[in-house]
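Listed below are the residues making up each chain.
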Amino acid sequence: MQRIIIVGGGLAGFEAARALRQQQFDGEIIMLAAESEPPYDRPPLSKGVLLGREPSVHFDLSSITGLDLRLDQPARRLGPGEIETDDGVMAADGIFLAVGADAISLPGAATLRTHDDAQQLFQLLYPGAVVAVIGAGWIGAEVASAAAEAGCMVTVYEAMDSPLATALPTDLGLLTAPWYEQAGVDLRLGERVDDIAALGADVVVAGLGARPATGWLRDSGLDLQQRDGAVVVDEYLRASLPMVVAAGDCAAWWSTRYQRRLRVEHWDTALHAPAVAVAGLLAKTDEPYDPVPYFWSDQFGHNLQFAGYRADDARIVVRGSTNEATWAVGWVRDTPQGCELAAILTLDRPRDLTQARRAMTAGSLIDVERFVDADTPVKSALVS
Ligand code: FAD
């Protein structure tokens, strides 16, 4: 194999390039990046850059020898064994799709997806600025949190009945509602915004989620998920055309563990999936990508972490009490072998998360009575 083209210069693209060299690929690696900046990390955008704390967000490319990084060079078309850009058509022996997702925007509203977005928004978040955030999902909550910390007058409009409504059941999402009030943020649940101008805000930010950036692949013959346009890949992250793999926010992979297709638009997936996809591309191994999904969010001075998959037949059990300053909630399901932990959400309890994630990865069973006792370490509640 002589040349591999990575399309996308985000975390998944960077990890793909790293994995190619780590797995002894010594051919040409071309990375096509639509942005004008070298690859960088997105979580610090809402947690640091928005607050004027400019953490080092760029990845260290120095370990990736000979990486041919082409900035401002979006891929326009995928054909069999080739990619087209504005500069022409390039042949490739392997193609790694790591195009991520684009923020869903609204006319007249800003979004937060890129480093540039964050730097521009930072300028607008001055003390006393009137800020409207549309959507109380992960990004909306983190933007509201940063804006409040910057001294802005913040209102969050959420069409659903609770914050984080697409990710969590209503009663759990509502546990975060007091954080808004404590930060001086006016949280308006059940309010859909139809007219941005009528909000009378200095800045309006849309936190409406993101969609896989795969519009350019529509006529490529590649299988795309009808619902959201994600690249459909198997458990080895192989797409439907030969020698094409995809990972990160743009891909929906077949999860052997959960027997369903998953698209997890979070950092941990973009970090770990590329090495598996690369191994498949180089025919090194046939290990599937089969993680227990994981993500976190920092908002209003709290750290929320989630791991697992909320199976429909799982019931919720609370570890400790959600009236306490820290808590964890588990989703458990009965199996013929015993009780299984399907997922966990923790508030400021990182150790619970780590131990539960390890247990889920190992497929351990738990004793629910011990699990709900917040003083018992999660690992001591395991029965196998
Ligand atoms: P991206 O990071 O989106 O990178 C894809 C790149 O491909 C982009 O640079 C894009 O411009 C480029 N591209 C698109 N189309 C083309 C094309 N045709 N040709 C060439 N290049 C193209 N996750 C967590 O788990 N916890 C967090 O706290 C958290 N915080 C976040 C905060 C913010 C503000 C954002 C935006 C995301 C956050 N995430 C968080 C999510 C996490 O950052 C993403 O899941 C991760 O960045 C996905 O990486 P990716 O490489 O798949 O996609």
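Residues numbered from 1 in each chain as written. Predicted model: local features only at pLDDT ≥ 70, side-chain atom pairs only at ≥ 80, totals over all residues. Heavy atoms only, no water.

Describe the domain arrangement of the chain, with residues and values.
For the chain, the assigned domains are domain 1 (3-101 + 211-281), domain 2 (115-206) and domain 3 (301-383). Measuring from the centre of the C-alpha atoms in domain 1 to the corresponding centre in domain 2 gives 30 Å. With 14 residues of domain 1 at the interface, the matching set in domain 2 holds 13 residues. Looking only at domain 1, the three residues that lose the most surface to domain 2 are S46, L50 and L51, adding up to 48% of its buried area. Applying the counting criterion to the domain 1 and domain 2 interface returns two salt bridges. Among the ionic pairs, K47 bridges to E142, the shortest N-O distance being 2.8 Å. (Domains from an automatic or database assignment. Contact = heavy atoms within 4.5 Å. Buried area = accessible area lost by both parts, 1.4 Å probe. Salt bridge = Lys/Arg side-chain N within 4 Å of Asp/Glu carboxyl O.)

Hey, could you go over the sheet that holds strand β10 (residues 153-158) for me, with residue numbers and the actual values?
The four strands lie next to each other as β11-β10-β9-β12, forming an open sheet whose pairing is parallel. The sheet is open, and its two borders are formed by β11 (186-189) and β12 (203-206), each paired with just one other strand. Looking at each pair of strands side by side, their axes are set apart by 15° on average, direction ignored. Bridge analysis of β10 against β11 gives four bridges, and the strand direction is parallel. Counterpart to T155 in the pairing with β11 is D186. (Pairing = 2+ DSSP bridges. Helix = DSSP H or I, 4+ residues; strand = E, 2+ residues; numbered from the N terminus. Axes fitted to C-alpha atoms, helices over the stretch in contact; angles between N-to-C directions.)

I'd like a rundown of the sheet that holds strand β5 (residues 82-85), residues and numbers included.
Through backbone hydrogen bonds, the strands of a sheet pair up, either in parallel or in antiparallel fashion. In spatial order, the strands read β4-β5-β6; together these three strands make up an open sheet with antiparallel pairing. Each edge of the open sheet is held by one strand with a lone partner, namely β4 (77-79) and β6 (88-91). Neighbour-to-neighbour, the strand axes of the sheet open up by a mean angle of 25°, direction not taken into account. Strand direction decides the pairing type here: β4 and β5, joined by three bridges, are antiparallel. Note on β5: the bridge partner recorded for L78 is I83.

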